[in-house]
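Here is what each chain is made of, one letter per residue.
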2 protein chains.
Amino acid sequence: MELINQLVTELQNLPGLGQRSARRIALYLLAKQPAQLVTIAELLKHAHDSITNCAICGNLGEQSPCAICQDSKRAKNMIAIVENVSDLWAIERSHCYHGCYHVLGGVLSAIEGVGPEQLRLNDLQKRVQSLIKEQHKIELILATNLTVEGQTTAHYISKLFSDMNDNSEGGSISITHLAHGLPAGGELDYLDDSTIITAIRARS
Amino acid sequence: MELINQLVTELQNLPGLGQRSARRIALYLLAKQPAQLVTIAELLKHAHDSITNCAICGNLGEQSPCAICQDSKRAKNMIAIVENVSDLWAIERSHCYHGCYHVLGGVLSAIEGVGPEQLRLNDLQKRVQSLIKEQHKIELILATNLTVEGQTTAHYISKLFSDMNDNSEGGSISITHLAHGLPAGGELDYLDDSTIITAIRARS
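Counting from 1, residues in each chain are numbered in the order their sequence is written. Here the convention is simple: chains get letters from A, ligands get numbers from 1, in the order in which they are written. pLDDT decides what is reported in this predicted model: residues at 70 or higher carry local features, side-chain atom pairs at 80 or more are listed and counted, and totals for whole chains, interfaces and linings draw on all residues regardless. As a rule here, side-chain values come from all non-hydrogen atoms in the structure, and water together with hydrogens is ignored.

1. Regarding the pairing of strand β5 (residues 137-142) of chain B
Residue and element names in this part refer to chain B. Strand pairing is assigned whenever DSSP detects at least two bridges linking the two strands. Where helices and strands are cited, they refer to DSSP runs of H or I of at least four residues and of E of at least two residues respectively, numbered from the N terminus. Pairing of strand β3 (residues 75-82) with β5 involves four bridges; the strand directions are parallel. Considered in β5, the bridge of I79 is made with L140. Of the strand pairs in this sheet, β5 and strand β6 (residues 172-177) are connected by six bridges, and their pairing is parallel. For E139, the partnering residue across the bridge sits in β6 and is S174.

2. Details of the layout of surface pockets
A cavity, in this analysis, means grid points on a 1 Å lattice covering only the protein atoms where a 1.4 Å probe fits yet has no way out; a pocket is instead an open set bounded by protein on both sides within 12 Å along at least five of seven lines, and a residue lines either one if it has an atom within 4 Å of a point. Grid points are joined across faces, edges and corners, and a volume is the space filled by probe spheres set on the points. Estimates place the volume of the largest pocket at around 670 Å³. Of all the secondary structure elements, the ones that give two or more residues to the lining of the largest pocket are α2 (19-32) of chain A together with α5 (85-93) of chain B. Examining the composition of the lining of the largest pocket, we find that seven residues originate from one element, α2(A), more than from any other. Gly is put with the polar residues, along with every residue not named as nonpolar or charged; the nonpolar set is Ala, Val, Leu, Ile, Met, Phe, Trp, Tyr, Cys and Pro, and the charged set is Asp, Glu, Lys and Arg. Across the lining of the largest pocket, the residue classes break down as 10 nonpolar, seven polar and seven charged.

3. Regarding the pattern of salt bridges
Side chains carrying opposite charge are able to pair once their charged atoms draw close together. Here a salt bridge means any side-chain nitrogen of Lys or Arg lying within 4 Å of a carboxyl oxygen belonging to Asp or Glu. Scanning all chains against the criterion turns up 10 salt bridges over all chains. Ionic pairing is found between E92(A) and R74(A), a salt bridge with its closest N-O pair at 2.8 Å. Within this pair, whereas E92(A) is found in helix α5 (residues 85-93), its partner R74(A) is found in the loop between α4 (67-70) and β3 (75-82), the two being separated by 18 residues in sequence. Burial classification: accessible surface area is computed with a 1.4 Å probe over protein chains only, and a residue below 20% of its type maximum counts as buried, one above 50% as exposed, and the rest as partly exposed. Take E92(A): its relative accessible area is 22%, and that puts it in the partly exposed class. The partner of D71(B) in a salt bridge is R74(B), and the shortest N-O contact between them spans 3.8 Å.

4. Examining the relation of the copies chain B and chain A
Superposition of the two copies of the chain requires a rotation about an axis together with a shift along that axis. For the least-squares superposition of copies, only C-alpha atoms count, and only for residues with pLDDT at least 70 in both. When chain B is fitted to chain A, the residual RMSD is 0.1 Å, and the transformation amounts to a turn of 180° plus an axial shift of 0.0 Å. Both copies of the chain, as the preceding transformation shows, are related through a two-fold rotation axis. Distance from the rotation axis, computed per C-alpha, reaches its smallest value in chain B at A41(B): 2.0 Å. Interface overlap between copies is the fraction of interface residues in one copy that are interface residues in the other; for chain B against chain A it reaches 100%, indicating a shared surface. Residue contacts follow a heavy-atom distance rule, with two residues in contact if any of their heavy atoms lie within 4.5 Å.

5. Considering the interface of chain B and chain A
In this assembly, 42 residues from chain B lie in contact with 42 residues from chain A. Accessible-area loss on putting two parts together, using a 1.4 Å probe and summing over both, is the definition of buried area adopted here. When residues of chain B are sorted by the area they lose upon contact with chain A, L3(B), L44(B) and W89(B) head the list and together hold 16% of the total. Counting every contact that joins chain B to chain A gives zero salt bridges. We define a polar contact as two N or O atoms separated by no more than 3.5 Å, with the added condition that, inside protein, one atom must be a possible hydrogen donor and the other a possible acceptor, whereas residues neighbouring each other in sequence contribute only through side-chain atom pairs. Counting every contact that joins chain B to chain A gives four residue pairs in polar contact (both at pLDDT 80 or more). For the side of chain B that touches chain A, the secondary-structure elements that each account for two or more residues are α1 (2-12), α2 (19-32), α3 (34-50), β2 (60-61) and α5 of chain B. When residues of the side of chain B that touches chain A are assigned to their parent elements, the largest contribution, 14 residues, is made by α3(B). Across the side of chain B that touches chain A, the residue classes break down as 25 nonpolar, 10 polar and seven charged.

6. Quick word on the sheet that holds β6(B)
All names here are of chain B. One open sheet holds the four strands; their spatial order is β4-β3-β5-β6, and the pairing between them is parallel. Since the sheet does not close on itself, it has two edges, and those belong to β4 (99-103) and β6, each with one partner. Sheet twist, expressed as the average angle between the axes of neighbouring strands with direction ignored, equals 25°. Inspection of the sheet shows β3 paired to β4 by five bridges, in the parallel sense. Opposite A75, over in β4, you have G99 as the bridge partner. Set on the sheet, α5 makes contact with β3 and β4; between it and β4 the angle comes to about 160°. Under this scheme, a helix contributes an axis fitted over its contacting stretch, all axes are lines through C-alpha atoms, and angles between N-to-C directions fall in the 0 to 180 degree range.

7. Structural notes on the sheet that holds β3(A)
Residue and element names in this part refer to chain A. In spatial order, the strands read β4-β3-β5-β6; together these four strands make up an open sheet with parallel pairing. The open sheet has two edge strands, β4 (99-103) and β6 (172-177), and neither has a second partner. Between one strand axis and the next, the sheet turns by 25° as a mean value, whatever way the strands run. Those strands touched by α5 are β3 and β4, and its axis lies near 160° from that of β4.

8. Remarks on the packing of helix α1 (residues 2-12) of chain A against α2(A)
Residue and element names in this part refer to chain A. Where α1 contacts α2, the axes come no closer than 8 Å and their chain directions differ by 125°. With respect to each other, α1 and α2 are oriented oblique. Seen along the crossing, α1 lies across α2 with a hand that is right-handed. Contacts between α1 and α2 involve I4, L7, V8, L11 and Q12 from the first element and Q19, A22, R23, I25, A26 and L30 from the second. Its residues placed into classes, the contact of α1 with α2 shows eight nonpolar, two polar and one charged. Relative orientations are named as follows: roughly parallel for angles under 35 degrees, roughly antiparallel for angles over 145 degrees, roughly perpendicular for angles from 65 to 115 degrees, and oblique for any other angle. We call a crossing left-handed when the near helix sits turned anticlockwise from the far one by less than a right angle, and right-handed when that turn is clockwise.

Right, here's the structure in full:
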């Protein structure tokens with residue numbers, strides 16, 4: 001039982017899995033699909049060896065620069081700034097954005113002790129500085145989450161680049177953010193007050 | 001992205017995980033805990049190589065016979081018959097049973113085409129036959145689930161061994177089943193009718 005318990009404990013540390021679901025997965029793999037056990041083991045090992053962060057945007061992938069940064073069809077002068085890779089994936093799934101990204105790797109948070117230097121903001125500044133020499137107009141899309149930390153981070157970045165804008169010769173940086181309002185399928189009765197207030201104020 | 005998608009697809013096939021939770025686990029391992037990725041990969045590989053079914057009871061373990069079958073403190077003449085290894089684990093967690101087990105590996109099911117020959121019933125018959133020569137009194141505890149299939153299976157096994165009982169010389173096999181009634185913490189108002197009917201009929 002020692003090895004099985006160890007496996008269950010290890011699975012239990014994964015996000016979203018409790019003791020019961022970890023046991024269920026361990027049993028499924030051991031009793032019903034031992035072949036899948038080896039497939040997953042090899043895939044995890046292989047992923048560890050070959051997946052890396054993109055040096056430009058911070059996305060995960062098998063190459064650096066990643067497939068998005070290498071894609072010549074994507075607008076190099078549009079950069080969506082997201083908190084994490086999962087947010088980048090969420091935007092990619094919508095299939096409606098054709099620019100590039102910059103993954104911050106978190107948000108500013110006084111409670112968790114995350115300051116600007118812990119985020120990939122220096123990289124972003126350098127990236128924008130070198131980009132502005134090639135492309136005259138750059139759009140930075142603030143796509144952090146609509147949480148207190150996300151919005152604080154967005155505000156900080158917005159300030160940072162409007163200062164840079166004043167000092168840039170020739171080029172210009174425009175800063176936009178994702179629209180706020182009712183989500184698709186949202187029923188007024190079930191939405192929180194602040195969403196409704198935002199939606200009323202930003203009506204068009 | 002190819003390798004990441006492959007990993008997500010493979011994780012998604014595990015019981016209880018959907019696309020979103022599989023993605024969340026993949027990202028957690030890749031971005032936050034790459035070391036854990038290797039630990040889990042090695043543990044899965046190791047588990048595949050060294051975990052086997054006990055030749056006596058069908059439990060999973062690193063040895064065969066398993067630790068339970070080898071334990072001299074356990075009553076060899078008490079055998080709890082369970083559907084799956086997860087049911088064996090559930091009884092073990094209660095710390096109140098000190099006999100042995102027999103894992104059937106499923107239940108009789110006409111819909112899924114599972115007949116007596118697909119379950120470990122032959123092994124059970126041989127086990128009981130050789131056991132009855134050493135121990136004169138054997139107790140078989142029917143611990144299948146309280147579902148239609150579980151109870152059909154229990155009824156089939158009960159019939160099988162009462163026939164064997166009539167033919168056994170000297171020894172005797174007693175067949176018991178787990179008590180049915182209100183679960184601990186059960187509130188009458190929230191319980192289904194058949195549980196209440198069972199509890200009333202079996203009142204004591």
